[in-house]
Each structure stands twice: as C-alpha cells, then as structure tokens.
Amino acid sequence: MISGSTATAVVAFDEIVFVLAAVLVLPFFCVVILRTAALWHKATGHATRVKAEIIDIDSCRLPRYTLLIPLYDEVDVIADVVSALESIDYPKDRLQILVILEENDPATRRAVESHRLPPHMSTIVVPSGEPRTKPRALNYALRHATGDLVVVYDAEDVPEPDQLRQAARLLSANPRLACVQARLNVLNANETFLTRQFAIEYTVLFDCLLPTLQRLKLPVPLGGTSNHFSRAVLEEVGAWDPFNVTEDADLGIRLARAGWDVQVLSSTTWEEAPPNFASWRNQRTRWLKGWMQTYLVHTRQPFRTARDLGWFPFFGLQVLMGGLILSALVHPWFYAVLAWELTCGPLISPEHDALSSAVKWIGIVNLSLGYVSGVALGCVAVAGRGRLELAGWAIIMPIYWLLISLAAYRALFQLVRAPYRWEKTQHRPRAAFSHPAK
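Calculation criteria
- Every chain begins its residue count from 1, and numbering advances along the sequence as written.
- Residues qualify for local features only when their pLDDT is at least 70, as the model is predicted, and side-chain atom pairs are given and counted only at 80 or more; totals for whole chains, interfaces and linings, by contrast, use all residues.
- The basis for every side-chain value is the complete set of heavy atoms in the structure, and neither hydrogens nor water enter the calculation.
- Secondary structure elements are taken from DSSP: a helix is a run of H or I of four residues or more, a strand is a run of E of two residues or more, and numbering for both begins at the N terminus.
- Accessible area is worked out with a 1.4 Å probe on protein chains only. A residue is then buried under 20% of its type maximum, exposed over 50%, and partly exposed in between.
- Contacts are assigned to residue pairs that have any heavy atoms within 4.5 Å of one another.
- Surface accessibility follows the Shrake-Rupley procedure with a 1.4 Å probe radius. Residue values consider only the protein chains on display as shielding.
- Lines fitted to C-alpha atoms define the axes here, with helix axes fitted over just the stretch in contact, and angles between the N-to-C directions of these axes take values from 0 to 180 degrees.
- If an angle is under 35 degrees, it is roughly parallel; if it is over 145, roughly antiparallel; if it lies from 65 to 115, roughly perpendicular; otherwise it is oblique.
- Crossing handedness is read from the near helix: turned anticlockwise from the far helix by less than a right angle, it gives a left-handed crossing, and turned clockwise, a right-handed one.
- Any residue outside Ala, Val, Leu, Ile, Met, Phe, Trp, Tyr, Cys, Pro, Asp, Glu, Lys and Arg is labelled polar, Gly included; the first ten of those are nonpolar and the last four are charged.
- For salt bridges, the criterion is a side-chain nitrogen of Lys or Arg within 4 Å of an Asp or Glu carboxyl oxygen.
- Between 30 and 60 degrees the pair is tilted, below 30 it is stacked and above 60 it is edge-to-face, where a pair is any two Phe, Tyr or Trp rings, Trp via its six-membered ring, whose centres lie within 6.5 Å.
- For two strands to be treated as a pair, DSSP must find at least two bridges joining them.
- Throughout, right-handed denotes a crossover for which the path from the first strand over the helix to the second runs clockwise when the strands point away from the viewer.
- By this rule the span expected of a helix is its residue count minus one, scaled by 1.5 Å.
- Fitting one axis to the seven residues ending at a residue and another to the seven starting there, the bend at that residue is the angle between the two axes.

**Looking at the overall build of the chain**
Then comes step 1: What the chain contains, in helices and strands, is 13 helices and eight strands.
Then comes step 2: Within the chain, buried positions represent 53% of all 438 residues.
Then comes step 3: Taking all contacts inside the chain whose residues are at least 6 apart in sequence as the whole, residues at least 24 apart take part in 83%.
Then comes step 4: Surface exposure of the chain reaches about 19,600 Å², of which carbon and sulfur atoms provide 63%.

**Comments concerning the packing of helix H10 (residues 302–309) against helix H11 (residues 311–344)**
Between two packed helices, what matters for the description is the angle formed by their axes and the separation of those axes.
Then comes step 1: Packing of H10 against H11 leaves a shortest axis separation of 6 Å and a crossing angle of 120°. Overall, the two elements H10 and H11 adopt an arrangement that is oblique. As H10 packs across H11, the resulting crossing turns out to be right-handed. Counted together, Pro302, Phe303, Thr305, Ala306 and Leu309 of H10 and Trp311, Pro313, Phe314 and Leu317 of H11 form the full contact between these two elements.
Then comes step 2: Class assignment of the residues belonging to the contact of H10 with H11 gives a composition of eight nonpolar, one polar and no charged.

**What about the pattern of salt bridges?**
Then comes step 1: Evaluated as defined, the whole model comprises 15 salt bridges.
Then comes step 2: Note that Arg165 is salt-bridged to Asp89, the shortest N-O span being 3.4 Å. Placement of Arg165 in helix H5 (residues 163–173) and of Asp89 in the loop between helix H2 (78–86) and strand S2 (95–102) is noted, with a sequence separation of 76 residues between them.
Then comes step 3: Taking the relative accessible area as the measure of exposure, Arg165 reaches 14% and is therefore buried.
Then comes step 4: Judged by relative accessible area, which is 37%, Asp89 ranks as partly exposed.
Then comes step 5: A salt bridge links Arg385 to Asp207; the nearest nitrogen and oxygen atoms lie 2.8 Å apart. With Arg385 in the loop between helix H12 (354–384) and helix H13 (397–417) and Asp207 in helix H6 (residues 193–215), the pair connects residues that are 178 residues apart, well separated along the chain.
Then comes step 6: The class of Arg385 is buried, set by a relative accessible area of 10%.
Then comes step 7: Accessibility expressed as a relative area gives 2% for Asp207, which makes it buried.
Then comes step 8: A single salt-bridge network, built from bridges that share partners, covers Lys134, Asp154 and Glu247.

**Remarks on the packing of aromatic side chains**
Then comes step 1: Under the counting rule described, the total for this entry stands at 13 aromatic pairs.
Then comes step 2: Consider the rings of Tyr202 and Phe206, whose centres lie 5.3 Å apart with planes at 70°: the pair is edge-to-face. One end of the pair, Tyr202, and the other, Phe206, are both in helix H6, four residues apart, so they sit about a helical turn from each other. Across the pair, Phe206 and Tyr202 agree in class, each one buried.

**Some thoughts on helix H8 (residues 247–257)**
Then comes step 1: For H8, the buried fraction is high: 11 of the 11 residues fall into the buried class.
Then comes step 2: For H8, the full list of buried residues reads Glu247, Asp248, Ala249, Asp250, Leu251, Gly252, Ile253, Arg254, Leu255, Ala256 and Arg257.
Then comes step 3: Backbone geometry just after H8 places Gly259 at a positive phi near 90°.

**Overview of the sheet that holds strand S7 (residues 227–230)**
Then comes step 1: A sheet is described by the order of its strands in space; here eight strands give the open sequence S3-S2-S1-S4-S7-S6-S8-S5, paired in mixed fashion. Strand pairing shows two members of the sheet lacking a second neighbour, strand S3 (121–126) and strand S5 (158–159), which therefore form its edges.
Then comes step 2: The pairing of strand S1 (residues 65–70) with strand S4 (residues 149–152) spans four bridges and is classified as parallel. Paired with Thr66 across the bridge in S4 is Val150.
Then comes step 3: Contacts from helix H3 (residues 106–113) reach S2 and S3 within the one sheet, and its direction differs from that of S2 by about 145°.
Then comes step 4: Contacts from H8 reach strand S6 (177–186), S7 and strand S8 (261–271) within the one sheet, and its direction differs from that of S7 by about 40°.

**Notes on the pairing of S3**
Then comes step 1: Pairing geometry for S2 and S3, over six bridges, is parallel. Residue pairing across strands places Leu98 opposite Ser122, the latter belonging to S3.
Then comes step 2: Remark: the S2/H3/S3 crossover connection has right-handed handedness.

**What to know about H6**
Then comes step 1: The terminal C-alpha atoms of H6, which comprises 23 residues, lie 32 Å apart, in line with the 33 Å expected from a rise of 1.5 Å per residue.
Then comes step 2: The largest bend in H6 comes to about 35°, at Leu205.
Then comes step 3: Counting buried positions over the 23 residues of H6 gives 18, a clear majority of the element.
Then comes step 4: Just beyond H6, the residue with positive phi is Lys217, at close to 60°.

**Describing the pairing of S6**
Then comes step 1: In terms of burial, S6 is a largely internal element, 10 of the 10 residues being buried.
Then comes step 2: The sheet contact formed by S6 and S8 spans nine bridges and is parallel. Paired with Arg183 across the two strands is Thr268, which belongs to S8.
Then comes step 3: Judged from the three bridges that link them, S6 and S7 form a sheet pairing that is antiparallel. The residue of S7 that forms the bridge with Gln181 is Asn227.

**Here's the deal with the packing of H6 against helix H9 (residues 277–299)**
Then comes step 1: Relative orientation of the contacting elements H6 and H9 amounts to 30°, with a least axis distance of 11 Å. With respect to their mutual orientation, H6 and H9 come out roughly parallel. Residue-level contacts link Leu194, Phe198, Glu201 and Tyr202 of H6 to Phe277, Trp280, Gln283, Arg284 and Trp287 of H9.
Then comes step 2: Each residue belonging to the contact of H6 with H9 can be placed in one class, and the counts come to six nonpolar, one polar and two charged.

Just distances and angles here, no functional claims.
This is the structure:
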C-alpha cells in the first residue's frame, strides 16, 4: 500500500510539473517577444524621442495647468521641492501649483509654512480618513484644480524645465490624447548596486518598453509621477482609485478601456532611487501589490475587458501585467529546479513521452532567451542615455530579478493581509547624494 501510494504521488507530481511548465511557456515567450520588439524599435530609431513640435502655442494661449504635489513626511526635502517647481518654464499666470498635505502630518505642514510660497503655489490639507493613500489625497485636491491640464509630481521629482510646454503642445494637437507620460530616470544612478539596477530598469521601461507599447497600440500602465492629463478626461474616467497602491498603472488601463490614447513624452523627470534595501523593498512591494490589484480588477470580468480594449490589446495586457507578476513569482523556482536536476537528476521521470521533453527544452530555451533579451535591452537602453558605465551592470540583472521576486512574494502576502497598506519611501535632500543627470 505504501509503495503504491508513493508511486501515485510521484506520477501526480510529474503531471503537475509538466502542466506548470507547459502553461508558463507561452507568457514567458511573449515577454521575450516584447523585449525583442523594443530592441528592434530602438535599433531602427522608432523608439527615439517624440518631438512636441506638432503645433506651437503662444504663451498667452497656453492652457491653464494645475500641478498636484502630494507630500507626506517630507520635512527634509521641502526646499528641494520648491526649487524644482520654481524652475519650471511656464507662464506663472497660467499655473496653479497645489501642495497637498495631510492633516495628520503637522511636521511637513510646518516645514512648508516656513517657506514663502509664490502666489501661484498654495497648500491643501487633506482631512484624516481611510484609506490613507496618495490617490485619495490626489482625488481630494483635484476638486480644487482650475487647470485645463493636470500633472502629478512627487516630492523628489526634478522635471526638465520645458516639460509642461511640450506636454501642452502634444495634448492640444490630438483630441484623442488623454495623457502624456514623461520619461522617468534616476539622479543617483551610481550610488549603490540597487540604484544602478534601478536606473537600468527605469531606462528600459520608459525609454524602450513604454514607447513600444504605444507603437503597438497596447495599454500603457502609467508610472507613478509626471503624468500630464486632460482634466476633463481625468474626471470623466473617475480619476484615481483611492484603494489602489499603484494608482497610475490602474488609471492607464482605465483610460485605454475608455478608448483614450496615452503617449510617451521625450522630456525626462529625474528622481532619487532608493539606495538601501529596506527602502527599495518597501517601495517595490507597494508597486507589485498595486500591479496585482490592477490585474485582478481588470481581469475579473475578462470578456468585458476584452470588449473594451479589443482582443489584441487585452492579450497585451496579459503579457505585460500578468507576465510581469508571474515572472517575478516564478523566477526563483527555475533556480530550484536547476539545482534539483544537477544534484538529484531529472525532475520529470525519464519515461515521460516526447511531448514532456519538448516542453522542457522549450522552457530552457525560453529562459535563456529571457535572460539574453533582458540583458541586451538593458545595455542598449543605458547606452542610449550615454550611461555606458551602467552597461556592465546589466549583465548581473538576474541577481536583481531575484530581489524583485522576494518583493513579489511580500506583495502577495500583503495583498491578503494588508491590501491598502502604503509603505512610505523616504527621500533625502538632493545635496546628500551626487546626481550626474545625463
């Protein structure tokens, strides 16, 4: 009886491993295809900067702009925030800057009050309440916005001075364009291993992958900052989900479902990458938890989502968002399988048929192509920014991917136990670190 039960368990385990391997082949291969498309677009010049020269707008005819600046526990960087905002090249009489503060954060409120804000900057205090998240604060402040266009900047952001003018030109030129996403990049790229990997990751995402998604007419999950919106469209789609901790990724999908376009802007916003593991882990956990929330929300009625997006964009959503989450969760297990095979022999019985062997070898090729395409895209992306010193660090990106997997499992745990928990990313004054922006 014992030997029979053992044999049954072994067969069942073989079948489970085979099914999992077969199921994972397609999404991982699609991720490889997306990276390859991004490499091709970059090599052929299709991912070069989108110029905002479609129309020219006189300063007196520029649309009114509202800047939303959510701050929480940011006492140390208030001077940098004000300096970055004052450097923006846009007519001050067309500009409304709302500094968003929290009622339960008196220290930051006092720090802001100690600065003499110019007339076009004002503060809004968000009453205490739940959920205590950035999107809830943004929704509260949006009620006070007077601009035709709205942009969100975080405390650490340093946008290029002409970014608002470029975004205004693009949004004015295309009536179907609801949002323009500026490219994000890292000020302190050369500080630590994590900031180097973060810089490579950001450059790949905003310089290569998002423009490729735009070109393929696939949904663009927005980054957390430097998104320039038509206020009318933003209000039409319900603004931000206060319960989603990666609110702009969700908003990007909702814009696509409503039939609106999103475009990537050539202008860059520079920001600080978390230099230590604790800060990086908390931020990455929040991001991945929000992507999980977004994916679950938009796939709980798959046929409705497919009808809204179209079947090809819906498939693209599965590849990008589903594939990213799945790869982060599954990636460490490839190492576990490899270690098992090297030390204990084949995980699937040798007696299995040719189909099992084919799936296994396709998986190995898939994994190899995934590493090659990921590293190659990282090298090409940072080279395009003139940051050749980072290209060598792209080779050890798989180590960084293991850390992302750790954050993914932490995010999955929080999704069950604390879905709306917002782990704050601490920021430092820019004088505390070097930032050779290129």
